[in-house]
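Chain by chain, the residues run as shown.
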Amino acid sequence: MAAAAGPHAGAAAEARFISSAKGKGLFATRNIRKGETVFVERPVVSSQFLWNALYNYRACDHCLRALETAEENAQRLLGRSSLVLPHPEQCSIRKDLHQQCPRCQVTYCSAECRQAALEQYHQVLCLGPSRDDPTHPLNKLQEAWRNMHYPPETSSIMLMARMVATIKQAKDKEWWIKVFSQFCNKTANEEEEIVHKLLGDKFKWFTPEGFRSLFALVGTNGQGIGTSSLSQWVHACDALDLPMLQREELDAFIDQLYKDIEKESGEFLNCEGSGLYVLQSCCNHSCIPNAETSFPENNFLLHLTALEDIEAGEEICISYLDCCQRERSRHSRNKILRENYLFTCSCPKCLAQADDADVTSDEEEEGEGETDDAELEDEMTDV
């Protein structure tokens, strides 16, 4: 995991400047087929969400790889320690490779991750014997963040702390500033101001104004990360060549397992965090995206996959909204986008719905409810 951040060789896309209003975009450099991986990218920095970690979703402190075996994962989510998963050989977790920081005992999935963290930011952030000391400034900062940001989480103060530590620890601070500046869709003067806050005397961005700039950078560019050893086990089981009866029994077991987990743990199934990805952050939003992100390697490596055929020169867009949000009204979708990403969408779907009434989906549902009540009243009157 110690390789440099960024897309792997052979990426079929490149970032291009579009306009001062829209900033950059990601464009196909060749024809891309539906289902094809456009690129695989490593983040420049990432961090697990704080509540997620507090509730024992055990992940590598550097790459977020799930550390529990699939069986341990399912047992915790179910609250049932007696559960036994079939085909345990399909679990990909290698506990024999796990390592801990000798000073603060945080856990990594491998020696490579421990070394990568140490070289980038952990020398500054290692709490040593103060890891469980609630009065330590870093622990107080995390507690304050948890008290303000309850699940479902979208970011972590530790992502910003790791950015700070990366710059503070780096020998070539200018190089890292240049990396982080790529996430700013700003004018040259504004980028210089951010650089000044990052590199200035006593780290100027520790001031309220500077910290707001950092919040804005992370808030508008952070990409959610999800990993799961159970999910990896399920995918491996799906690929097994089994007799029909065994396949039906295994599929039924997995279906029931997920139903039981949903009753016990709700939607919180994965180890979750967020990261900053240089190339992925250039992907603009569309309510009808032609690509999507995923984390099939059970770590922070992001895969961008084409949802349809994309021609060379065509812009590659993802959706900043989940499936349910994309089905809401144009007004509701843009309300979410303005509140979280500070822009109004002008994708083909939004333009086609431009003349729709400016009401949120909730208001539409309330209106529908009133109509149903009125119709029911009419039917009762008729009776």
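The structure displayed is predicted, hence computed values, not measured ones. (Residues numbered from 1 in each chain as written. Predicted model: local features only at pLDDT ≥ 70, side-chain atom pairs only at ≥ 80, totals over all residues. Heavy atoms only, no water.)

### Quick look at the environment of Glu153
No. 1: If you trace the backbone, Glu153 turns up in the loop between helix H4 (137–148) and helix H5 (157–169).
No. 2: Glu153 has contacts with Phe49, Leu50, Trp51 and Asn52, leaving out every residue within four places of it along the chain.
No. 3: Engagement of the side chain of Glu153 in a polar contact is seen with the backbone nitrogen of Leu50, the distance being 3.2 Å.
No. 4: Polar side-chain contacts of Glu153 include one of 2.9 Å to the backbone nitrogen of Trp51. (Helix = DSSP H or I, 4+ residues; strand = E, 2+ residues; numbered from the N terminus. Contact = heavy atoms within 4.5 Å. Polar contact = N/O pair within 3.5 Å; in protein donor to acceptor, adjacent residues only side chain to side chain.)

### Brief notes about the packing of aromatic side chains
No. 1: For the structure on display, the rule yields 6 aromatic pairs.
No. 2: Measuring from centroid to centroid gives 5.9 Å for Tyr320 and Phe343, while their planes differ by 85 degrees, and the two rings are edge-to-face. Of this pair, Tyr320 sits in the loop between strand E13 (315–318) and helix H11 (323–326) while Phe343 sits in the loop between helix H12 (330–341) and helix H13 (348–352), placing them 23 residues apart in sequence.
No. 3: Members of the aromatic cluster, joined through ring pairs, are Trp51, Tyr55 and Tyr150.
No. 4: Arg76 extends its terminal NZ or CZ atom over the ring of Tyr57, reaching a point 4.1 Å from the ring centre. (Phe/Tyr/Trp six-rings, centres within 6.5 Å; stacked < 30°, edge-to-face > 60°. Lys NZ or Arg CZ within 6 Å of the ring centre and 35° of its normal.)

### Let's talk about helix H2 (residues 70–78)
No. 1: Listed in full, the buried residues belonging to H2 are Ala70, Asn73, Ala74, Gln75, Leu77 and Leu78.
No. 2: The elements touched by buried residues of H2 are helix H9 (229–238) and helix H10 (244–265). (Buried < 20%, exposed > 50% of the residue type's maximum accessible area, 1.4 Å probe, protein only.)

### Looking at the pattern of salt bridges
A side chain of one charge can pair with a side chain of the opposite charge if their charged atoms are brought near each other.
No. 1: Overall, the coordinates contain 11 salt bridges when judged by the stated rule.
No. 2: Its salt-bridge partner being Lys95, residue Glu72 comes within 2.7 Å of it at the nearest N-O pair. Taken together, the residues span a long stretch of sequence, with Glu72 in helix H2 and Lys95 in the loop between H2 and strand E6 (99–100) at a distance of 23 residues.
No. 3: Residue Glu72 is classed as partly exposed on the basis of its relative accessible area, which comes to 28%.
No. 4: Linking Asp96 and Arg94 is a salt bridge whose minimum nitrogen-to-oxygen distance equals 2.8 Å. (Salt bridge = Lys/Arg side-chain N within 4 Å of Asp/Glu carboxyl O.)

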